[in-house]
Amino acid sequence: PDGTVDSGTIATGTIVNADINASAAIAGTKLANTGKVLQVVQGTTSTEVINATTTLADTGLTATITPTSTTSKILVIVNHTGNRITNGDLSNSITLILVRGATSVSTFAKYAGFTATTLNLYIASLSTTYLDSPATTTATTYKTQFANGAAASAVHVQSNSANTSTITLMEIGV
C-alpha cells in the first residue's frame, strides 16, 4: 500500500456527510440530482365551471406527476384565469384551494372578490406557488377546487370558456 485512498479501497456507504469537510471542493456533477428540476408537467383547461354553493367543486384544472424519488419536492404553480362573481348577493366571493389526491394542501384564495355589494365582478387572475413534499414515487394528482362564499348567486372559473387556467408541476431533486 502506497497510502493512496481511491474508490476501490472505500466500502460503499462508509463515508457520511459528517466525514466531509465543509470546504471540500466537490464537483456539482458528483452530486446526484440535488437542487435540479427533474421533470415538468403542465395541465390546462378553458372549460367554464360554475358553482353557486359553499361546497367545494372541481374546477377542471388538474395535472399528474410521478416523482422519481420519495425525497423529491414538487413545486406547484397555479394560475386561474377568468374568475367571475355574478351579482345577486352581498356575500358572494370565490374560495380556491389546491388539492393533492384527496387532501387539501393550500387555500390560495379565500373571500376573493368580496365587496359587500351586488356587483358583477371579474377577477382576471388568482394564482399560487406551493412547494409540496409528497414523499412518494407513485403517480400524484394535483387539482384545484372552488366554492362560493355564500350559497346564493354563482361564481365562475374560466368564465365564458374564453380563459385558460394552468397548473405546472416541477419535480425538484433534494
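That block above? That's the structure.
An account of the accompanying structure is given in this report.

The rules behind each value
- Residues numbered from 1 in each chain as written.
- Predicted model: local features only at pLDDT ≥ 70, side-chain atom pairs only at ≥ 80, totals over all residues.
- Heavy atoms only, no water.
- Salt bridge = Lys/Arg side-chain N within 4 Å of Asp/Glu carboxyl O.
- Helix = DSSP H or I, 4+ residues; strand = E, 2+ residues; numbered from the N terminus.
- Buried < 20%, exposed > 50% of the residue type's maximum accessible area, 1.4 Å probe, protein only.
- Pairing = 2+ DSSP bridges.
- Axes fitted to C-alpha atoms, helices over the stretch in contact; angles between N-to-C directions.
- Contact = heavy atoms within 4.5 Å.
- Core = buried A, V, L, I, M, F, W, Y, C linked by side-chain atoms within 4.5 Å.

**Focus: the pattern of salt bridges**
Inspection of the entire model under this criterion finds two salt bridges. Where Asp58 meets Lys143, a salt bridge forms, and the shortest distance between an N and an O atom there is 3.1 Å. Residue Asp58 is located in strand S3 (residues 57-65), and its partner Lys143 is located in strand S8 (residues 140-148); the two are separated by 85 residues in the primary sequence. By relative accessible area, Asp58 is classed as partly exposed at 39%. With a shortest N-O distance of 2.6 Å, Asp132 and Arg100 are connected by a salt bridge. Within this pair, whereas Asp132 is found in strand S7 (residues 121-132), its partner Arg100 is found in strand S5 (residues 94-100), the two being separated by 32 residues in sequence. By relative accessible area, Asp132 is classed as buried at 3%. Classification of Arg100 by relative accessible area gives partly exposed; the value is 22%.

**Topic: the sheet that holds S3**
By way of backbone hydrogen bonds, the strands of a sheet pair with one another, either parallel or antiparallel. Taken in spatial order, the four strands make up an open sheet running S3-S8-S5-S6, and their pairing is antiparallel. In this open sheet, the two strands that pair with only one neighbour each are S3 and strand S6 (103-112). If you compare each strand with its neighbour and ignore which way they point, the axes differ by 15° on average. Bridge count between S5 and S6: six bridges; the pairing is antiparallel. Each bridged residue has a counterpart across the sheet, and for Ile94 the counterpart in S6 is Ala112.

**Things to note about the environment of Gly43**
Within the secondary structure, Gly43 is located in strand S1 (residues 37-45). Judged by its relative accessible area of 7%, Gly43 is buried. A C-alpha to C-alpha distance of 14 Å links Gly43 and Gln145, two positions 102 residues apart in sequence. Apart from the residues lying within four places of it in its own chain, the contact partners of Gly43 are Leu61, Thr62, Ala63, Ser165, Thr166 and Ile167.

**Brief notes about the nonpolar core**
It is characteristic of soluble globular proteins that their nonpolar side chains tend to be buried jointly. Within the largest apolar cluster, 23 residues are counted, with the highest numbers of intra-cluster contacts made by Val76, Ile94, Leu98, Tyr142, Ile167 and Leu169. Elements with a contribution of two residues or more to this core: S3, strand S4 (73-85), S5, S6, S7, S8, strand S9 (155-157) and strand S10 (165-172). The residues touching Ile167, leaving out its near neighbours within four places in the chain, are Val41, Gln42, Gly43, Leu61, Thr62, Ala63, Val76, Ile77, Val78, Leu98, Tyr142 and Lys143.

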